[in-house]
Amino acid sequence: MAADRHITLIGGGLAGALLAILLAQRGWSVDLFERRGDPRIEGYAGGRSINLALAERGLHALRQAGADAEVLKQAVMMRGRFVHPLQGAPGLQRYGRDDSEVIWSISRGELNMTLLTLAESHGARLHFDHGLETVDFVANTATFRHHANTVTHPFTALVGADGAGSSLRAEMAKVQPLGERTDWLDHGYKELEIPPDVHGDFRIEPNALHIWPRGHYMCIALPNDERTFTVTLFMPHKGDYPSFEQVRTGDEAWALFQQDFPDALPLIPQLRQHYEAHPVGTLATLRLERWHLQGRAVLLGDAAHAMVPFHGQGMNCAFEDCVALAEALERTPSLAAAFEAFEAERKPNAEAIQQMALENYIEMRDKVDDSAYLLQRELELALQQRHPGRFVPHYAMVTFLRIPYAEALRRSRLQDAILHAATQGRHALSEMDWPAVDAKVLQVLQPLAFA
Ligand code: FAD
Ligand code: 8R5
């Protein structure tokens, strides 16, 4: 291992802060450079309460860092999807078998601050207001914008946790092309808010992730612990109504909600103002052929593999990356070998969750209120009971287990074929040909190594 066990992290967002803890705990000397100011002093950039869904992969990484209890203190449990069809009764579809299989809505700002404080307490040196500008990979120095100045720091190796727009990635690409490709989604998003009711309580079921599926577009809402919900409208940028091109003003947004989300409209009193004030967010999948430059620099999290949000796994995957990199650095004799091993382990898994995230958009916006789909979900649960440890529902493999994403994707494809064939032309579980379905499961699926 590099004699001095010193490492320089670029970016003090979610992955950078967690990695700083994991490495400092293992005795590494850590310097972390973050472009923004210290959120614990200046308030979290953005100001609005933005929440994230935390699942088992992310929670497991937080346990490794000793941060899980603190983070869960302020989390809101989400037991399932609460689906609001345009016609018909809204209702909860559980994600798992019971309250041990749930996801958690947490505040990005609180999470980030908790992790930064813990990193500092383990001895990591945090340098705020330091935005990476250029890297000299011959002299091993990096320059940063620090207020009006440019400052230079020497480094042993750099880790890029500087997000989807990574500056380190751009500097690495000047030395060796990384084979970078960005696939922009032709849909974007807008954030809105459901405030508390007059008694200060949640206005709708708090312990759920709400979905208003509308075929080609949708709204979702995640609870915040201050009893608000962050609502996100996803729809195409351009083209047929509704699209962001066609729904520009607050009044047009109001008309869209009146027509397509009538039960949500009265919950969002500032719809007009927020629709006009908040920007349209863009969504993309970023793929690189290489994540590292010899033993000098490596990328992780969004900087290496930004993904669309529809499986709620961007942070969870970034946190899994941090644990994998910390472990590779412990067991491998050189930085170059550690970066190589990290990339070999994580790249196929990042590609798998990127693919599954794209597919989950169709599921959320179009399938969750469809009867053929619901029958397949029912069958998944029945097969899980009939074949424990062998047939595990897709959502559970991604969200409640830590099997590699690539393995989850491979097994989901096999399971989907079984589910599709078994439900063709049938309308209820009572019509299943159980001996045939069971035989297929035993033939196609091996038991999971751990389930
Ligand atoms: P970031 O958290 O983006 O951190 C990057 C950091 O680097 C930032 O602090 C930035 O200021 C800093 N930085 C940038 N450039 C420089 C520079 N030049 N020099 C120094 N510092 C720099 N994921 C989930 O798992 N579940 C969810 O429910 C979920 N919801 C999301 C909701 C929204 C609105 C968005 C936008 C994303 C969501 N994600 C979710 C994805 C998740 O936020 C990201 O995958 C995750 O934050 C990636 O962590 P990161 O550390 O790689 O990047
Ligand atoms: N990210 C999420 C899921 C899966 C829910 C399910 C989906 C907003 C920009 Cl779109 C989305 C999920 O399959 O029932 N879990 O967590 C988070 C999601 O979106 C986040 C809040 C988001 C980027 C805007």
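Above this note sits the structure.
The rules behind these values
Residues numbered from 1 in each chain as written. Chains lettered and ligands numbered in written order. Predicted model: local features only at pLDDT ≥ 70, side-chain atom pairs only at ≥ 80, totals over all residues. Heavy atoms only, no water. Helix = DSSP H or I, 4+ residues; strand = E, 2+ residues; numbered from the N terminus. Buried < 20%, exposed > 50% of the residue type's maximum accessible area, 1.4 Å probe, protein only. Pairing = 2+ DSSP bridges. Near = heavy atom within 4 Å. Polar contact = N/O pair within 3.5 Å; in protein donor to acceptor, adjacent residues only side chain to side chain. Areas by Shrake-Rupley, 256 points an atom, 1.4 Å probe, with all protein chains shown as cover. Nonpolar A, V, L, I, M, F, W, Y, C, P; charged D, E, K, R; others polar. Contact = heavy atoms within 4.5 Å.

Participant: Is there a simple way to explain unusual backbone geometry in this structure?
Facilitator: What is expected of a backbone is that most residues other than glycine have negative phi and most peptide bonds are trans. A cis amide bond links Tyr241 with the next residue in sequence, Pro242, at an omega value of -5°. Assignment of secondary structure puts Pro242 in the loop between β17 (229-236) and α7 (250-260). Positioned with a positive phi, Asp129 is a non-glycine residue whose angle comes to about 55°. Residue placement: Asp129 occurs in the loop between β8 (125-127) and β9 (131-136). Its identity as a non-glycine residue notwithstanding, Asn140 has a phi of 55°, on the positive side. Inspection of the secondary structure assignment puts Asn140 in the loop between β9 and β10 (141-146). The class for Asn140 is buried, based on a relative accessible area of 16%.

Participant: I'm lost on the sheet that holds strand β2 (residues 29-33) in this one. Help?
Facilitator: Backbone hydrogen bonds are what pair the strands of a sheet, in a parallel or an antiparallel way. If you trace the 6 strands from one edge of the open sheet to the other, you get β8-β2-β1-β12-β20-β19, paired in mixed fashion. Of all the strands in the sheet, the pair left with one neighbour each is β8 and β19 (292-293). In the sheet, strand β12 (residues 158-160) pairs with strand β20 (residues 297-299) via 3 bridges, with the strands oriented parallel. The residue of β20 that forms the bridge with Gly160 is Leu299.

Participant: Even after reading the chapter, I still don't get the site of ligand 1, so can you show me in this structure?
Facilitator: Around ligand 1 lies a shell of 29 residues, among which Glu34, Arg36, Ala53, Arg108 and Ser167 are the nearest. The backbone of Gly314 places a nitrogen or oxygen atom 3.2 Å from an oxygen atom of ligand 1. Compared with its free state, where it exposes 990 Å², ligand 1 has 84% of that area covered by protein. If you list the elements that add at least two residues to the shell around ligand 1, you get α1 (14-25), β3 (51-54), β9, β14 (187-194) and α10 (314-331). In terms of residue count, α10 provides more of the shell around ligand 1 than any other element does, 3 residues in total. When its residues are assigned to classes, the shell around ligand 1 shows 10 nonpolar, 12 polar and 7 charged.

Participant: I would appreciate a short explanation of the environment of Trp291 in the present structure.
Facilitator: In this structure, Trp291 sits in the loop between β18 (284-287) and β19. Considered as a pair, Trp291 and Gln384 are 93 residues apart in the sequence and their alpha carbons are 37 Å apart. Dropping the residues within four chain positions of it, Trp291 is found in contact with Met172, Ala297, Val298, Leu299, Ala304, His305, Phe342, Glu343, Arg346, Lys347 and Ala350.

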